[in-house]
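Residue-level structural notes
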Amino acid sequence: MDELNLINVGVTFPGQRPGEQVTAIEDINLTIHGGSFVVVVGASGCGKTTLLNLMAGFISPSKGEVLLGNRKITAPGPDRGVVFQKHALLPWLNVIENVEFGLDLQGFPKDKRRKIAAKNLALVGLQEFHNHAIYQLSGGMQQRVGIARALTSDPAMLLMDEPMAALDALTRETIQELLLDVWDKTNKMIFFITHSVEEALFLATKLIVMSPRPGRITHSYDLDFQSRFLRTRDARAVKSEPDFIKMRETVLSIIYGDEKALNKAQGGLHA
Amino acid sequence: MLNKEPSKTSSANKISKRFFAKQSVMPGQQFGAPGQGVNKLISTVTVIILFLLWVAVTETGLIKPLFLPSPSAVFNKFVVISTVGFANSTLLEHTLTSLYRIFGAFFLACLTAIPIGILMGANRVVRGIFDPPIEFYRPLPPLAYLPLVIIWFGIGETSKILLIYLAIFAPLAISARSGVRSASIEQIHAAYSMGASATQVVLRVILKSALPEIFTGMRIGIGVGWTTLVASEMIASTSGLGFMVLNAAEFLASDVVIMGIIVIGVFAFGFDLFMRYLERVFVPWKGKA
């Protein structure tokens, strides 16, 4: 199975003043193995989304390289499915047309792409909603369509940029469990950004903590809470286990420390 | 005492309170939302009152027929011109001539302005080329460049259609161009991540997202087209609604003028209703995404 490698990656872009260079991320070395669920957390502005954009091919690194298998990533492609914070579905297509859109672009015949799309919609529990308009669905359902759509090209990996940030707490927990089931069934490698440490701990096989200014990876943990859930199917119990809570506080204090330092550096009111 | 309205309010405040409906609302309405409620009945009453006023001031002889002919006189002219004709053409012939010019120009404008507008939004080279000429000629009054059009293209149908075409082209191209921005960067990124080519992104994401704005541009464009009709039919015409109105004005036949204006208004309004219907059919997602 393919693995994703970031080797000495740095991204700088021009600042607001002429000649100024802002370093978004620096010295990133990261390997994501096939089938792993990598979640990244960190204070705001630490370059999480920059990292995802690199993997998706939406931006190019200023230094180093990003490799999927042994191919260099230079542009977006169907081997990497992306799920966005806001659903980014196409409102003129119904649910199943949205899911099969990628296959349609690639010229698959209708019956074949319908079959694949229907299978993926069933995977996210939307088999009853093929012909609904996008704007008739709730936020949670729209995100599930987004996940089904990202899976349809059978990508090597899924890139998810805070896909649950806009959802209410209850829907969020449901979709976390759903996502673990999808991951378990499809065995895709996933790169997932979140602001919620609890969500990160619950989902990740590997948790990465980033620090800002410049954005870099400061901590990395191997976790197994997701497999505990898949075994016991009791999310609340997993999330209340002592080592879960201890881990949560550890990670939170790292991020909190970073935010504090950041505010101080900016002379912010909240320092 | 606390929940009581202050008794002394300025009269301006009172008026604005009444006008903007800061008062308790009907079920299903939202407090303070501006302009809510149905205005169909009020609009119908307005139209009826205007018509009755027209009847009253003409039938009583308050205003002479030269300045404002009565509704019945206008209707009589409608019947006469429909059957006997005016300036060697019946009303139907005048109307068909004008519709041919307007919709010919509109069709050509749609065919060119929409692709050019989309490409202007999607490509900096195309934008660089077309932006200066469009922005320059757009605010010019058609009557100002009418002489040039005649000198260059003669006094035939070409000049008449070209003048209307130019009037429709600019607003339509500008709408299509700004419609390009309706597609979110996430939608475009998503399409590329599903293996779309650049052409597929333009045709199947950007163009589709721009449809609501294109429809608005088409409605504005055809509206401007109607306003240019009279100017274009100043060019050596022998028929057309604009020609009919201009010609009648020379003979001070104000009943024909008013009749012509009403026919133009009815067709313009009817087509706008048709466009709104098409909009509901083709972009049902407008404002809902």
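Preceding block: the structure.
Structural notes, computed from the coordinates.

**Examining the overall build of chain A**
A count of helices and strands for chain A gives nine helices and ten strands. Over its C-alpha atoms chain A spans a radius of gyration of 19 Å, differing by no more than 12% from the 18 Å that the globule rule assigns to 271 residues. Taking the principal axes of the C-alpha coordinates as reference, chain A spans close to 55 × 45 × 35 Å. Put simply, chain A has 271 residues, and 43% of those count as buried. Of the contacts formed within chain A by residues at least 6 apart in sequence, a portion of 68% connects residues at least 24 apart.

**Concerning the interface of chain A and chain B**
Between chain A and chain B, the residue contacts involve 20 residues of the former and 16 residues of the latter. Those elements that provide at least two residues to the side of chain A that touches chain B are β6 (80-83) and α2 (95-105) of chain A. Residue composition of the side of chain A that touches chain B, grouped by class: 13 nonpolar, five polar and two charged.

**So, the packing of helix α4 (residues 91-122) of chain B against helix α7 (residues 157-179) of chain B**
Residue and element names in this part refer to chain B. Running from N to C, α4 and α7 point in directions that differ by 35°, and their axes come no closer than 7 Å. Handedness of the crossing formed by α4 with α7: right-handed. Taken together, the residues that form the contact of α4 with α7 break down as 20 nonpolar, five polar and three charged.

**Describing the sheet that holds strand β9 (residues 206-211) of chain A**
All names here are of chain A. A sheet is described by the order of its strands in space; here six strands give the open sequence β6-β7-β8-β3-β9-β10, paired in mixed fashion. Either end of the sheet is taken by a strand with one partner, and the two such strands are β6 and β10 (216-222). Recorded for the sheet is a direction-independent mean angle of 20° between the axes of neighbouring strands. As paired strands, strand β3 (residues 37-42) and strand β8 (residues 189-193) are joined by four bridges and run parallel to one another. Residue pairing for β8: valine 39 is matched across the bridge by phenylalanine 192. Running at roughly 170° to β6, helix α4 (residues 139-152) makes contact with β6 and β7 (157-161) of the sheet.

**Things to note about helix α5 (residues 169-186) of chain A**
All names here are of chain A. Here α5 contains 18 residues, and its C-alpha end-to-end distance of 26 Å stays within 8% of the 26 Å for a straight helix at 1.5 Å per residue. Within α5, burial applies to Ile175, Gln176, Leu179, Leu180, Val182 and Trp183. One side of α5 carries all its buried residues, which in axial view fall inside an arc of 160°. Seen from the buried face of α5, the exposed residues on the opposite side, beyond 90 degrees, are Leu170 and Lys185. Where the residues of α5 are buried, they touch β3, α3 (110-123), α4, β8, α6 (197-203) and α7 (225-232). Just downstream of α5 lies asparagine 187, where phi reads positive at about 55°.

**Observations regarding unusual backbone geometry**
Geometrically, the link from Arg213(A) to Pro214(A) is a cis peptide bond, its omega value of -15° lying close to zero. In this structure, Ala236(B) takes a positive phi of about 35° despite not being glycine. By the element assignment, Ala236(B) lies in the loop between α9 (198-232) and α10 (241-250). We classify Ala236(B) as exposed; it has 12 C-beta atoms within 10 Å. A positive phi angle, close to 55°, is found at Leu252(B), a residue other than glycine. Here Leu252(B) shows up in the loop between α10 and α11 (254-282).

The rules we used
Residues numbered from 1 in each chain as written. Chains lettered and ligands numbered in written order. Predicted model: local features only at pLDDT ≥ 70, side-chain atom pairs only at ≥ 80, totals over all residues. Helix = DSSP H or I, 4+ residues; strand = E, 2+ residues; numbered from the N terminus. Rg over C-alpha atoms; globule rule 2.2 N^0.38 Å. Buried ≥ 20, exposed ≤ 12 C-beta atoms within 10 Å, placed from the backbone. Contact = placed C-beta atoms within 7 Å. Nonpolar A, V, L, I, M, F, W, Y, C, P; charged D, E, K, R; others polar. Axes fitted to C-alpha atoms, helices over the stretch in contact; angles between N-to-C directions. Left-handed = near helix turned anticlockwise from the far one by under 90°. Pairing = 2+ DSSP bridges. Expected span 1.5 Å × (residues − 1). Arc of directions from axis to C-beta.

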